[in-house]
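Residues per chain, in single letters:
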Amino acid sequence: MPENISQPPLMSRGMKAVLLSQFLSAFADNALLFAILAQFKSSLYPEWSQPVLQMVFVLAFILLAPFVGQFADRNPKGRVMLSGNLLKFVGAFLICVGSDPFLGYALVGIGAAVYSPAKYGILGELTDGERLVKANGLMEASTIAAILLGSVIGGLLSDWSIVFALGVCAAMYGLAVFVNFGIPKLSAAQIGRGWNIKKMFTQFLEATRTLWADKESRFSLVGTSMFWGAGVTLRFLLVQWVPIALGMTDNTTPTVLNAMVAIGIVVGAGLAAKFVTLKTVRRCMPAGILIGLGVVYFSLQTSIIPSYLILIIIGVFGGFFVVPLNALLQDKGKHSVGAGNAIAVQNLGENTAMLLMLGLFSLVTSIGVSVVAIGIGFGAIFALAIGGLWLWDCTRKKS
């Protein structure tokens, strides 16, 4: 079926502004994390405090999940993105001027929770149909390119000056706020609804039930939650793995290794946009299994070059796995509970998985389990879990 000729081009002015805003915001997110980790290292914080820092961040997503999706759907999503970036800027600025990093990072987390449903939900308002997978590929590519540069530059700047690195992060959030004004002020998806907190919470629960009751939405929610729970754990695993396996104690090497994953995800997102559609979304499942097996193999490495190559390959599998699942949920949400609500429900699942995985990682780290053993176990469990999800889906389709 031909596409609607009145539909604006995929790379419209509004889409470009969304992608640039996302790039700047994600760049600052990742640079800020590694700058704070460098601050912890220089101040001799215990190792378990690193995953706890990320837990403070993801708690904001969990606590605000019932409200941020509806906030995104009841307001122009470009302005919601602006509000989220403004909160991030304030949090980063507070850390710059010496406030408690946990407090400042919690505020950044609140901004991210507000921002997330709008940044994905607006894609379905700027484009639709099969272009939505391509739009998600562009969003993931923009995000991962930002992770790539933000992680590396955050590490490099932190080796030179932690205070300057924190200042750059705040400046990038400020620039993202400015770019948000270039996003067109689209009509709100849901107009005329009140702001009764109890009613909003009830509506969120209903949206959650609706999405989890739908087989396709549930499939996407489980897959993306597992992916991001694993992804955030891998990031902290790398930070602690480098000095043990490679004997390097600088701040830059872990960020470069994270960047290798980011490079791979950009490639994987592009491949997904080319070879996977909403009708063929199950093609992504073997890549999920290979992510886990790749982590097992990576954990056994003791030299830097093979580590780079393996992490790039893991990233390719990751991009190919998660992009189609995101697009599937957005399409389902747009035609049921609203795109913003769908992303908020997804964020609840993903961040709950992150919180559980980070808590487990912090626990096993605190009791002295080796990082190599953690990596092997984590990779094996992830591969088995994705394989189980795929088998469950195949069984469900036959029944």
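As shown above, the structure is provided for reference.
What comes next concerns the included structure. Residue numbers restart at each chain and count upward from 1, following the sequence in its written direction. Whole-chain, interface and lining totals are the exception, using all residues; otherwise, since this is a predicted model, local features are given only for residues with pLDDT of at least 70 and side-chain atom pairs are given and counted only at 80 or more. Each side-chain value is derived from all of the structure's non-hydrogen atoms; neither hydrogens nor water enter the calculation.

## Concerning the overall build of the chain
In DSSP terms, a helix is any run of H or I states spanning at least four residues, a strand is any run of E spanning at least two, and both are numbered starting from the N terminus. Across its full length, the chain holds 14 helices and 0 strands. Tracing the chain from N to C terminus, the helices and strands come up as α-α-α-α-α-α-α-α-α-α-α-α-α-α. It is over C-alpha atoms that the radius of gyration is taken, and the globule rule equals 2.2 Å times the number of residues to the power 0.38. Taken over C-alpha atoms, the radius of gyration comes to 20 Å for the chain, in line with the 21 Å a tight globule of 399 residues would show. Principal axes of the C-alpha set define a box for the chain whose edges measure 55 × 50 × 40 Å. Within the chain, buried positions represent 56% of all 399 residues. Should any heavy atoms of two residues lie within 4.5 Å, those residues are counted as being in contact. In the chain, once contacts between residues fewer than 6 apart in sequence are set aside, the share between residues at least 24 apart is 87%. When the accessible surface of the chain is split by element, carbon and sulfur atoms take 71% of a total near 16,000 Å². Asp and Glu are treated as the negative residues and Lys and Arg as the positive ones, with His and the ends of the chain left uncounted. The atoms used to mark charge sites are NZ of Lys, CZ of Arg, CG of Asp and CD of Glu. Considering the chain, the positive charge centre built from 27 side chains and the negative charge centre built from 17 side chains are found 7 Å apart. Here's how the labels work: a residue is buried when its accessible area is under 20% of the maximum for its type, exposed when over 50%, partly exposed in between, all with a 1.4 Å probe on protein chains only. Computed with the Shrake-Rupley method and a 1.4 Å probe, the accessible areas treat only the protein chains shown as cover for residues.

## Overview of the side chain of threonine 365
Topologically, threonine 365 is positioned in helix H13 (residues 339-366). Using a relative accessible area of 14% as the deciding quantity, one classes threonine 365 as buried. Discounting residues that sit within four places of it in the chain, threonine 365 has contacts with Glu47, Gln240 and Ile374.

## Points about the side chain of threonine 224
Summarising the element assignment, threonine 224 is placed in helix H9 (residues 215-246). The definition of a polar contact used here is a pair of N or O atoms within 3.5 Å, where within protein one atom must be able to donate a hydrogen and the other to accept one, and adjacent residues in sequence count solely through side-chain atom pairs. A polar contact of 3.4 Å, which involves the side chain of threonine 224, links it to the backbone oxygen of leucine 221. Those residues in contact with threonine 224 that lie beyond four places of it in its chain are Val322, Leu325, Asn326, Gln346 and Glu350.

## What about helix H3 (residues 77-96)?
An expected span of 1.5 Å times one less than the residue number is assigned to each helix. Over its 20 residues, H3 extends 29 Å from the first C-alpha to the last, a length consistent with the 28 Å expected when each residue adds 1.5 Å. Residues of H3 that are buried include every one of Lys77, Gly78, Val80, Met81, Leu82, Gly84, Asn85, Lys88, Gly91, Ala92 and Ile95, and no others.

## Details of the environment of valine 261
Here valine 261 shows up in helix H10 (residues 252-275). According to the relative accessible area criterion, valine 261 is buried, its value standing at 13%. Residues contacting valine 261, with those up to four places away along its chain left out, are Leu311 and Gly315.

## Some words on a nonpolar patch on the surface
Within this analysis, patches are made of residues with over 30% relative accessible area and no salt bridge. Like charges are joined at 9 Å or less; nonpolar side chains (Val, Leu, Ile, Met, Phe, Trp, Tyr) at 5 Å or less. One side-chain nitrogen of Lys or Arg within 4 Å of one carboxyl oxygen of Asp or Glu is enough to make a salt bridge. Together, Ile263, Val267, Leu271 and Phe275 line one region of the surface with nonpolar side chains, adding up to about 300 Å² of accessible area. For valine 267, a relative accessible area of 42% puts it in the partly exposed group.

## Focus: the state of the cysteines
Two cysteines whose sulfur atoms are joined by a covalent bond form what is called a disulfide. Pairs of cysteine sulfur atoms within 2.5 Å are what we label disulfides. With the rule as written, the count across this model stands at 0 disulfides. With no disulfide of its own, cysteine 96 lies closest to cysteine 169 among cysteine sulfurs, the gap being 7.3 Å.

## Brief notes about the packing of helix H2 (residues 49-73) against helix H4 (residues 101-121)
Between N-to-C directions, angles span 0 to 180 degrees; the directions come from axes that are lines fitted to C-alpha atoms, helices contributing only their stretch in contact. At a closest axis distance of 7 Å, the pairing of H2 and H4 adopts a crossing angle of 35°. Considering only the axes of H2 and H4, their crossing is right-handed. Note on residue categories: nonpolar means Ala, Val, Leu, Ile, Met, Phe, Trp, Tyr, Cys or Pro, charged means Asp, Glu, Lys or Arg, and polar means any other residue, Gly included. Among the residues forming the contact of H2 with H4, the class breakdown is 21 nonpolar, 5 polar and no charged. Helix crossings are classified by the rotation of the near helix relative to the far one: an anticlockwise turn of less than a right angle makes the crossing left-handed, while a clockwise turn makes it right-handed.

## Details of the nonpolar core
Generally speaking, soluble globular proteins have nonpolar side chains that are buried together. To qualify as a nonpolar core, a set must consist of buried Ala, Val, Leu, Ile, Met, Phe, Trp, Tyr and Cys residues joined through side-chain atoms within 4.5 Å. Among the nonpolar cores identified, the biggest contains 88 residues, and Leu32, Ile36, Tyr105, Trp241, Leu311 and Phe321 are the most heavily contacted of them. The biggest single contributor to this core is H9, with 14 residues. Filtering out sequence-adjacent residues up to four positions away, tyrosine 105 remains in contact with Asp29, Leu32, Leu33, Ile36, Leu53, Gln54, Phe57 and Ile95.

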